[in-house]
Amino acid sequence: MRSINSRRLFSGTGLIVTGLAATLVAMIFPIWSYSDRSGTGVDTLNAQTLSTRYGPLSALDREFVTKVRLAGLWELPAGQQAGERGTTQAVKTAGQHLVEGHTFLDERVREVASRLGLQLPNQPNEQQQAWLGTLSSARGEEYDVQFANILRKAHGKVFGLVAQVRASTRNSLVRGLADDANTTVLDHITVLEATGLVDFDALARDAATASPPPLTNSPAPPGPTDSPSPPVPVSPSPASSSPTYTLPPPATSRPPEDDESKESNEPKKSESSKGESSKGGDNGGDKSEDKKS
């Protein structure tokens, strides 16, 4: 009897010891498994970040600088084209903003790239060239619609990149460029929407179905590079200038009141006047009755 009890006690103790050991292993395993952080996001950030006198320069920073340059290479000619082919003043004004804004930004991005020793492209990428081809083949009102929607879609995508870079960069030059880009891109979004031609439903569907675009190849790390040539045929404005723009007038005026709304107001007035006349009539009746009495 005693041997049976001792066996049960031993087996129960063994189970407890085994459970405690398993718990200890489960607590230690996460610490051990994460002791080597290679391949994680932080490790990748550190591996792709370069040291400069203006602060660390990440791969995302370099990607952003490249995209600012690429934007000017196709939006400058698109803005000039809108000034020539646009059929409304709002479209022409939007084109003027594109020219002024990206002339300013191109001056800024070439200055930043020169100080960081980054190499910049001198031709738009394939997608941007395709957009320019679509615009070049359009005429009349079709051109206005294509211009407003292609440019608004492109600016909406780069707007998110600007915000991401501005929030995360540790480089002072990139931070200043992101500030200027944010002001300019938001202005362009505003004037494009002021044309009254932007299809917001299409933008929402595109945002819901599109997957995050992969990063393009980052520009070369800092080193002696040739200064990129300015986009043709626009010459950059002086570096001391800042993007100050005047928004175009609204695309459409406020619609006039329809006849139904006017008619809906008239019965109210007639009812009130009837009420006053009835009051007057009642008072008159009371007076006549008083006289008879």
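The rules behind each value
- Residues numbered from 1 in each chain as written.
- Predicted model: local features only at pLDDT ≥ 70, side-chain atom pairs only at ≥ 80, totals over all residues.
- Heavy atoms only, no water.
- Phe/Tyr/Trp six-rings, centres within 6.5 Å; stacked < 30°, edge-to-face > 60°.
- Helix = DSSP H or I, 4+ residues; strand = E, 2+ residues; numbered from the N terminus.
- Buried < 20%, exposed > 50% of the residue type's maximum accessible area, 1.4 Å probe, protein only.
- Arc of directions from axis to C-beta.
- Contact = heavy atoms within 4.5 Å.
- Polar contact = N/O pair within 3.5 Å; in protein donor to acceptor, adjacent residues only side chain to side chain.
- Core = buried A, V, L, I, M, F, W, Y, C linked by side-chain atoms within 4.5 Å.
- Salt bridge = Lys/Arg side-chain N within 4 Å of Asp/Glu carboxyl O.
- Axes fitted to C-alpha atoms, helices over the stretch in contact; angles between N-to-C directions.
- Parallel < 35°, antiparallel > 145°, perpendicular 65-115°, else oblique.
- Left-handed = near helix turned anticlockwise from the far one by under 90°.

This paragraph deals with the packing of aromatic side chains. The tally for this structure, following the rule as stated, stands at two aromatic pairs. Seen in terms of ring centroids, tryptophan 74 and tryptophan 131 are 5.0 Å apart; in terms of plane orientation they differ by 45°. Their pairing is tilted. Taken together, the positions of tryptophan 74 in helix α3 (residues 59-85) and tryptophan 131 in helix α5 (residues 126-136) put the pair 57 residues apart, joining distant regions of the chain. For the pair shown, tryptophan 74 and tryptophan 131 are each scored as buried. A centroid spacing of 6.1 Å and a plane angle of 15° characterise the contact between tyrosine 143 and phenylalanine 147, whose relative ring orientation is stacked. Separated by four residues within a single helix, tyrosine 143 and phenylalanine 147 lie in helix α6 (residues 140-168), roughly one turn from each other. Summarising the burial analysis for this pair, tyrosine 143 and phenylalanine 147 share the class buried.

Now for α5. By the burial criterion, the buried members of α5 are Gln128, Trp131, Leu132 and Leu135. One side of α5 holds all its buried residues, which, seen down the axis, span an arc of 95°. In this structure, the buried side of α5 is in contact with α3 and α6. The backbone nitrogen of glutamine 127 lies 3.3 Å from a side-chain oxygen of the residue at the head of α5, namely asparagine 125.

Ranked by size, the top nonpolar core spans 22 residues in total, and within it Phe64, Val65, Leu116, Val174 and Leu177 carry the most contacts. Elements with a contribution of two residues or more to this core: α3, α4 (89-116), α6 and α7 (172-193). Considering each element in turn, this core owes the most residues, six residues, to α4. One finds Val91, Leu98, Leu132 and Ala154 within the second-largest nonpolar core, a separate group that totals 17 residues.

To continue, consider the pattern of salt bridges. It is possible for side chains bearing opposite charge to pair when their charged atoms get close. Tallying each qualifying case throughout the model produces 10 salt bridges. The partner of glutamate 107 in a salt bridge is arginine 110, with the nearest N and O atoms 3.5 Å apart. With glutamate 107 and arginine 110 both in helix α4 and three residues apart, this pair spans about one turn of that helix. What makes glutamate 107 partly exposed here is its relative accessible area of 22%. Residue arginine 110 is classed as buried on the basis of its relative accessible area, which comes to 13%. Ionic pairing is found between arginine 108 and glutamate 111, a salt bridge with its closest N-O pair at 3.7 Å. Residue arginine 108 and its partner glutamate 111 are located together in helix α4, separated by three residues, close to a single helical turn. Counted as one network, the salt bridges with shared partners bring together Arg69, Asp106, Glu107 and Arg110.

What follows is about the packing of α3 against α6. A pair of packed helices can be characterised by two numbers: the angle between their axes and the separation between those axes. Where α3 contacts α6, the two axes come as close as 11 Å, and the packing angle between them is 160°. Taken together, the axes of α3 and α6 lie roughly antiparallel to each other. Both α3 and α6 take part in a crossing whose hand is left-handed. From α3, Leu60, Asp61, Phe64, Lys67, Trp74, Glu75, Ala78, Gln81, Ala82 and Arg85 reach across to α6, where they touch Tyr143, Asp144, Phe147, Ile150, Leu151, Ala154, His155, Leu161, Val162, Gln164, Val165 and Ser168.

It is worth stressing that arrangement in space is one thing and function is another; only the former is reported here.
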